[in-house]
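Below are the chains, spelled out letter by letter.
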Amino acid sequence: MPKRKRLEKRKRSTVRGRNWEERSEADFSHDLAKHRRALARLPEHSLYRNPLSDEFTPNATVVTHARKWAFVRSDDVTTDEAGDTRLCLIDERLEEEGATLMAPGDRVLIERDQDGNDVVRGIGERKTTLVRYAPRRRGVSQQIIAANVDILVIVAAAAKPPFRPGLIDRFLIAAQLGGVTPVLCVNKMDLVDDAPEQLGLYRELGIEICLASCKTGQGINALRNVLINKTSVFAGHSGVGKSSILNALDPHLRVFTREVSEATQRGKHATTAARLYELEGDIRVIDTPGIRTLGLWNVSAEEVALYFPEIAAQSVKCRFRNCTHTHEPGCAVMAALDAGEVTSQRYASYKRIRESLEEDPL
Ligand SMILES: Nc1nc2c(ncn2[C@@H]2O[C@H](COP(=O)(O)OP(=O)(O)OP(=O)(O)O)[C@@H](O)[C@H]2O)c(=O)[nH]1
Ligand SMILES: [Mg+2]
Ligand SMILES: [Zn+2]
């Protein structure tokens, strides 16, 4: 073993000894069922503030929006002269409170005011959400990417940009938190001979996987069958082909796409705002802008392990109840890692996510 490595190891072990004792007071429950039950009651829509005093019945769905206006699809198609979509102002009494006010997929009440403007008066409760923690957006911390979706299609590329699973792991957690079923779609299969080897792991976790190519049409019908009669949201890195898949699913759409940079192999952020599309065959999809990273909302560093089922299963055997699975003696997760029962890829992802939440504990 080279000298430097040995030194590092010794340093590490002294740090280990101190840390786990200090941390032993941290309150952490191994009771998965209890935690899941608690989560099932979330999210509570603390952000929802209705300027109307009475209960109301939403009559439209948000397609896309900006700060002062929203483009909505009215439920009442017959009375709507401008097709079934219209531009609305947003009632100024509706305030952002620690979260973005609305998102594509939101159910809203629209009314016409004396001046003949359509105005969004209230935002209905959400069945599901896809939420991102975004601390620097004008003091708004929860960015609701999409509301009331059944499925989150996590789109990745087999190549160009290269397949990187870190964001997938985060989206899997966000899907669980928001009550959305995740599906993994690996696009650009035409650029590779074999599917990324890491996929076996996600398959073992019971996640539906769709191998696709907008070039050859591979997997597009299979994906269509998953999306039929549902509302979905497409999310992933820029340039993986989210908008291209929409065009492949329904050629009438013509959603804007943009080539990947040859120099960086990254997408050039073609899509700039999330938007709900209606496709042939009762399919609704919210296309979203590509993101680099997904800040997680509503999960503490201690809870991260609960969202990695294979790590959670091992963690009950750790010597310490509050084991962080990073340095403690008698850690069953690290033992399983050595034995190859937990993959180094997922373990690295667990550690990265955990560390990022420790730095920024919201
Ligand atoms: N070879 C190949 N290229 C594809 C495929 N799907 C999309 N592309 C190309 O990849 C580039 C990026 O596609 P987009 O659909 O704009 O990607 P996106 O995920 O919507 O990107 P953002 O909107 O920036 O988040 C475009 O040049 C597409 O033509 C595919 O299956 N195979
Ligand atoms: Mg796009
Ligand atoms: Zn452990």
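Let me begin by describing the structure that accompanies this report. (Residues numbered from 1 in each chain as written. Chains lettered and ligands numbered in written order. Predicted model: local features only at pLDDT ≥ 70, side-chain atom pairs only at ≥ 80, totals over all residues.)

Turning our eyes to something else, we now look at the overall build of the chain. Regarding its fold elements, the chain presents nine helices and 13 strands. Taking contacts inside the chain between residues at least 6 apart in sequence as the whole, the part at least 24 apart equals 64%. (Helix = DSSP H or I, 4+ residues; strand = E, 2+ residues; numbered from the N terminus. Contact = placed C-beta atoms within 7 Å.)

Read around the closed barrel, five strands run S1-S2-S3-S5-S4, paired in mixed fashion. For this sheet the average axis-to-axis angle between neighbouring strands, irrespective of direction, equals 55°. Of the pairings in the sheet, the one linking strand S2 (residues 69-74) to strand S3 (residues 85-90) comprises five bridges and is antiparallel in character. Looking at S3, one finds that Arg 73 is bridged to Thr 85. (Pairing = 2+ DSSP bridges. Axes fitted to C-alpha atoms, helices over the stretch in contact; angles between N-to-C directions.)

Attention now moves to the site of ligand 1. Among the 24 residues in the neighbourhood of ligand 1, the closest are listed as Gly 241, Ser 244, Thr 257, Thr 271 and Gly 290. Broken down by element, the shell around ligand 1 gets its largest block of residues, three residues, from helix H6 (residues 242-249). Of the residues belonging to the shell around ligand 1, the class tally is six nonpolar, twelve polar and six charged. (Near = placed C-beta within 6 Å. Nonpolar A, V, L, I, M, F, W, Y, C, P; charged D, E, K, R; others polar.)

With five of seven residues buried, strand S9 (residues 181-187) is to be regarded as a mostly interior element. For strand S8 (residues 151-157) and S9, the ladder comprises seven bridges, and the chain directions are parallel. By the bridge assignment for S9, Ile 154 is matched with Leu 184. Crossover connection from S8 via helix H3 (residues 166-178) to parallel S9: handedness right-handed. Summarising the sheet, S9 and strand S10 (residues 208-211) pair through four bridges and their orientation is parallel. (Buried ≥ 20, exposed ≤ 12 C-beta atoms within 10 Å, placed from the backbone. Right-handed = clockwise from strand over helix to strand, strands pointing away.)

Looking down a regular strand, the side chains alternate between one sheet face and the other. Among the five residues that make up strand S13 (residues 283-287), five are buried, leaving the element largely enclosed by the rest of the structure. In the sheet, strand S11 (residues 230-235) pairs with S13 via five bridges, with the strands oriented parallel. Its bridge partner being in S13, Ser 232 is matched across the sheet by Val 285. When strand S12 (residues 275-279) meets S13, the two strands line up antiparallel, connected through five bridges. Note that in S13 the partner of Tyr 277 across the bridge is Val 285. In this structure, the hairpin formed by S12 and S13 is closed by a connection of three residues, where Gly 281 is found at a positive phi of approximately 85°.

This paragraph deals with the nonpolar core. With 80 residues, the main nonpolar core has Leu 130, Leu 152, Ile 154 and Phe 171 as its most contacted residues. Sorting elements by how many residues they give to this core places H3 first, with eight residues. Sequence-distant contacts of Ile 154, defined by excluding residues within four places in its chain, comprise Ile 168, Phe 171, Pro 182, Leu 184, Cys 185, Ala 235 and Gly 236. (Core = buried A, V, L, I, M, F, W, Y, C linked by C-beta atoms within 7 Å.)

A separate point is H6. An α-helix turns once every 3.6 residues. As a result, residues three or four positions apart point the same way. Taken across its eight residues, H6 has seven buried, putting it largely inside the fold. Where H6 is concerned, the buried positions are Lys 242, Ser 243, Ser 244, Ile 245, Leu 246, Ala 248 and Leu 249. In this structure, the buried residues of H6 make contact with S8, S9, helix H5 (220-227), S11, S12 and S13.

Honestly, it's all geometry; don't read function into it.
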